[in-house]
Amino acid sequence: MVRRHEHVSVEDELQVVTPAKLVVGDVSKSFASSAGVVQALDRVSLQVGEGEFLCLVGASGCGKSTLLNIIAGLEKPDSGQVLANGKPISGPGADRMVMFQESALFPWLDVMGNVLFGLKRKPGLTAKDRNDVAKYTLSLLG
Ligand SMILES: Nc1ncnc2c1ncn2[C@@H]1O[C@H](COP(=O)(O)OP(=O)(O)OP(=O)(O)O)[C@@H](O)[C@H]1O
Ligand SMILES: [Mg+2]
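Residues numbered from 1 in each chain as written. Chains lettered and ligands numbered in written order. Predicted model: local features only at pLDDT ≥ 70, side-chain atom pairs only at ≥ 80, totals over all residues.

### Concerning helix α4 (residues 127-141)
Look at α4: 22 Å from first C-alpha to last across 15 residues, which is about the 21 Å you get at 1.5 Å a residue. In terms of residue burial, α4 counts as a barely covered element, since only zero of its 15 residues are buried. (Helix = DSSP H or I, 4+ residues; strand = E, 2+ residues; numbered from the N terminus. Expected span 1.5 Å × (residues − 1). Buried ≥ 20, exposed ≤ 12 C-beta atoms within 10 Å, placed from the backbone.)

### As for the domain arrangement of the protein chain
How big an interface is tends to be reported as the loss of accessible area on association of its parts. Parsing the protein chain into structural domains produces domain 1 (18-91) and domain 2 (104-142). Taken over C-alpha atoms, the centre of domain 1 sits 29 Å from the centre of domain 2. (Domains from an automatic or database assignment.)

### Looking at the site of ligand 1
Every one of the 13 residues lining ligand 1 counts as a neighbour, but F31, S60, K64, S65 and T66 are closest to it. At the level of secondary structure, the elements contributing two or more residues to the shell around ligand 1 comprise β1 (22-33), β2 (36-48) and α2 (64-72). Of all the elements, α2 adds the most residues to the shell around ligand 1, at three residues. Split by residue class, the shell around ligand 1 holds four nonpolar, eight polar and one charged. (Near = placed C-beta within 6 Å. Nonpolar A, V, L, I, M, F, W, Y, C, P; charged D, E, K, R; others polar.)

### Some points on the sheet that holds β2
Ordered in space as β2-β1-β3-β4, the four strands form an open sheet in which the pairing is antiparallel. With one partner strand each, in any of the chains shown, β2 and β4 (87-88) form the two edges of the open sheet. Pairing of strand β3 (residues 79-84) with β4 involves two bridges; the strand directions are antiparallel. Paired with A84 across the two strands is K87, which belongs to β4. (Pairing = 2+ DSSP bridges.)

### What to know about unusual backbone geometry
In the Ramachandran plot, D26 falls in the positive-phi region, its phi being about 55° despite a non-glycine side chain. What makes D26 partly exposed here is the crowd of 13 C-beta atoms within 10 Å. Non-glycine residue R43 carries a positive phi angle of around 50°. Position of R43 relative to the elements: it lies in strand β2.

### Considering α2
Turning to α2, its buried residues are T66, L67 and I70. An end-on view of α2 places all buried positions within 100° of arc, on one side of the element. Here the buried face of α2 lies against β1, β2 and β3. G73 sits one or two residues past α2 and shows a positive phi near 85°. (Arc of directions from axis to C-beta. Contact = placed C-beta atoms within 7 Å.)

### Looking at the nonpolar core
Most often, soluble globular proteins have nonpolar side chains that are buried together. V24, V27, A40, L41, V44, L67, I70, V82 and I89 form the largest nonpolar core, which has nine residues in total. Only β1, β2 and α2 provide two or more residues apiece to this core. Of the residues forming this core, the biggest block, three residues, is contributed by β2. Other than its neighbours up to four places away in sequence, I70 contacts V27, K29, E75, P77 and V82. (Core = buried A, V, L, I, M, F, W, Y, C linked by C-beta atoms within 7 Å.)

### Overview of the pairing of β3
Here five bridges tie β1 to β3, and the two strands are oriented antiparallel to one another. Across the sheet, residue G25 finds its bridge partner in β3, namely Q81. Following β3, the chain reverses through two residues before pairing antiparallel with β4; N85 in that reversal takes a positive phi of roughly 50°.

Okay, here's the thing in structure tokens:
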């Protein structure tokens, strides 16, 4: 029997050791509006490794926010898939934080109320727990 030795690059080998934290595979997304159909994303693929810092740069309307919304789990792709830590994204999760382009605060709530909003939806926390977590988080910002 002849054993075939396939060439393995350093990049391939490191891929095995540190699997990508985020894998975007062949993601497409279009929007229908009165102006017609807009193909916001056309088979986009990329990978982000642990500790890697990635910037998406492009003209207004090229699909940056659409891709981020899909990674955040706020939008569903028409086709393709996104894996976070090896698992398909099925919705928003605390493993993927989003800082929105526009402020996304509830104007009728004060600072404490805005910070407590998400915590109130988290099961298993008492009112005191929520207040402690919110005060600690705000103290980090000063
Ligand atoms: N919900 C929607 N309904 C219809 N069209 C949409 C929707 N969301 C995005 N689009 C269109 O998809 C395209 C990509 O939009 P997107 O917001 O992803 O661009 P962007 O790169 O984030 O732009 P910007 O730099 O202005 O933030 C644009 O043509 C936009 O008008
Ligand atoms: Mg945008």
